[in-house]
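Geometric and topological summary
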Amino acid sequence: MSGTEEAPPGVDVSVPSAARLYDYYLGGELNYPADRAAGAEVTEKVPEIRDVAWSNRGFLQRAVRWVAQQGVNQFVDVGAGLPTQNNTHQVARAVRSDARVVYVDHDPIVRLHANALLAGDEQTTVLLRDMRDAEAVLDDPATQDLIDFSKPVAVLLVAVTHFLSDDEDPWGLVARYLRRLVPGSYLVLSAGTQDFQPDWRVKAVQEVYARSSTGVHTRTREQFERFFDGLDIVPPYEGAKAEVTYVGFWGAEDAEEADSDGSRWSYCAVARVPEEES
């Protein structure tokens, strides 16, 4: 992508955005010079950043496929980012042809390109909404037209809660999404961590994102596990304990082979909303 004429009105492409940085790491072309400069700076400090992005993307795809195999055909993908290959609706429909997906992002460029990709698809919609307003996302008429909240729904918050500071209470936000879900629904969530990373590398990434449209806030395993309070975590792969893991491990056929430096930058889990106690 080149030239500011391709950006929607009101979008300052001189400021890097999280969605376009992610696209850059994945080798996409929906980014601008400012994004590429910031992405190159992160890559210099964290050479495995592309592995970080692809490991997270792989988790999303494996988790969506698994949830669809459990019979769920409704997905709300919050902070969806720019379209790439094997998006949520494509993965889900490989299992369930009737899968319906609501994509949510606050970046107008995301909606511009996602709308072009999804033109004529009546089983998907793209909302230009701030994920921090859970009620606006869930009550939007477009969401209500596609999603029946009296039946199981999968809410995806993949690689987005680390863009919220502790003061913004990301745990409370996730709980607000979950309050609307019936038993048998699922939460699919991943987020960056500083665990086992040198402080200088974490700070280097945070400094770059501080100059972007959003900061980044990595968290410990204990902090990450709080997102799943009251839920039943699914074992990440056959023979594993039902617990939080790194994104590379989730759904892996060979956990040892799936391990990588990039995958250890993010925790993840898939969890089920349990039946209400009588």
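Residues numbered from 1 in each chain as written. Predicted model: local features only at pLDDT ≥ 70, side-chain atom pairs only at ≥ 80, totals over all residues. Heavy atoms only, no water.

Here we take up the pairing of strand E2 (residues 100–105). Of all six residues making up E2, five are buried, and the element is well covered by its neighbours. With five bridges joining them, strand E1 (residues 74–78) and E2 adopt parallel strand pairing. Residue pairing in the sheet places Phe75 in a bridge with Val101 of E2. Each parallel crossover has a hand, and for E1 linked through helix H4 (residues 88–93) to E2 it is right-handed. Bridge count for E2 against strand E3 (residues 124–128) is five bridges, and the pairing is parallel. (Buried < 20%, exposed > 50% of the residue type's maximum accessible area, 1.4 Å probe, protein only. Helix = DSSP H or I, 4+ residues; strand = E, 2+ residues; numbered from the N terminus. Pairing = 2+ DSSP bridges. Right-handed = clockwise from strand over helix to strand, strands pointing away.)

Looking now at helix H5 (residues 108–118). Taken residue by residue, H5 has Ile109, Val110, Ala114 and Leu118 as its buried positions. Viewed along the axis of H5, the buried residues span an arc of 145°, placing them on a single side of the element. Within two residues after H5, Gly120 carries a phi angle of roughly 85°, on the positive side. (Arc of directions from axis to C-beta.)

Where helix H2 (residues 33–45) meets helix H9 (residues 199–210), the closest approach of the two axes is 10 Å, and the angle between their N-to-C directions is 175°. When the interaxial angle is binned, H2 and H9 end up roughly antiparallel. On H9, the residues that touch Ala38, Glu41, Val42 and Lys45 of H2 are Trp200, Arg201, Ala204, Val205, Val208 and Tyr209. Each residue belonging to the contact of H2 with H9 can be placed in one class, and the counts come to seven nonpolar, no polar and three charged. (Axes fitted to C-alpha atoms, helices over the stretch in contact; angles between N-to-C directions. Parallel < 35°, antiparallel > 145°, perpendicular 65-115°, else oblique. Contact = heavy atoms within 4.5 Å. Nonpolar A, V, L, I, M, F, W, Y, C, P; charged D, E, K, R; others polar.)

Right, let's talk about the side chain of Gln61 for a bit. By the secondary structure assignment, Gln61 is in helix H3 (residues 49–69). There is a polar contact of 3.2 Å between the side chain of Gln61 and the backbone oxygen of Asn86. Those residues in contact with Gln61, other than ones at most four positions away along the chain, are Gln85, Asn86 and Val91. (Polar contact = N/O pair within 3.5 Å; in protein donor to acceptor, adjacent residues only side chain to side chain.)

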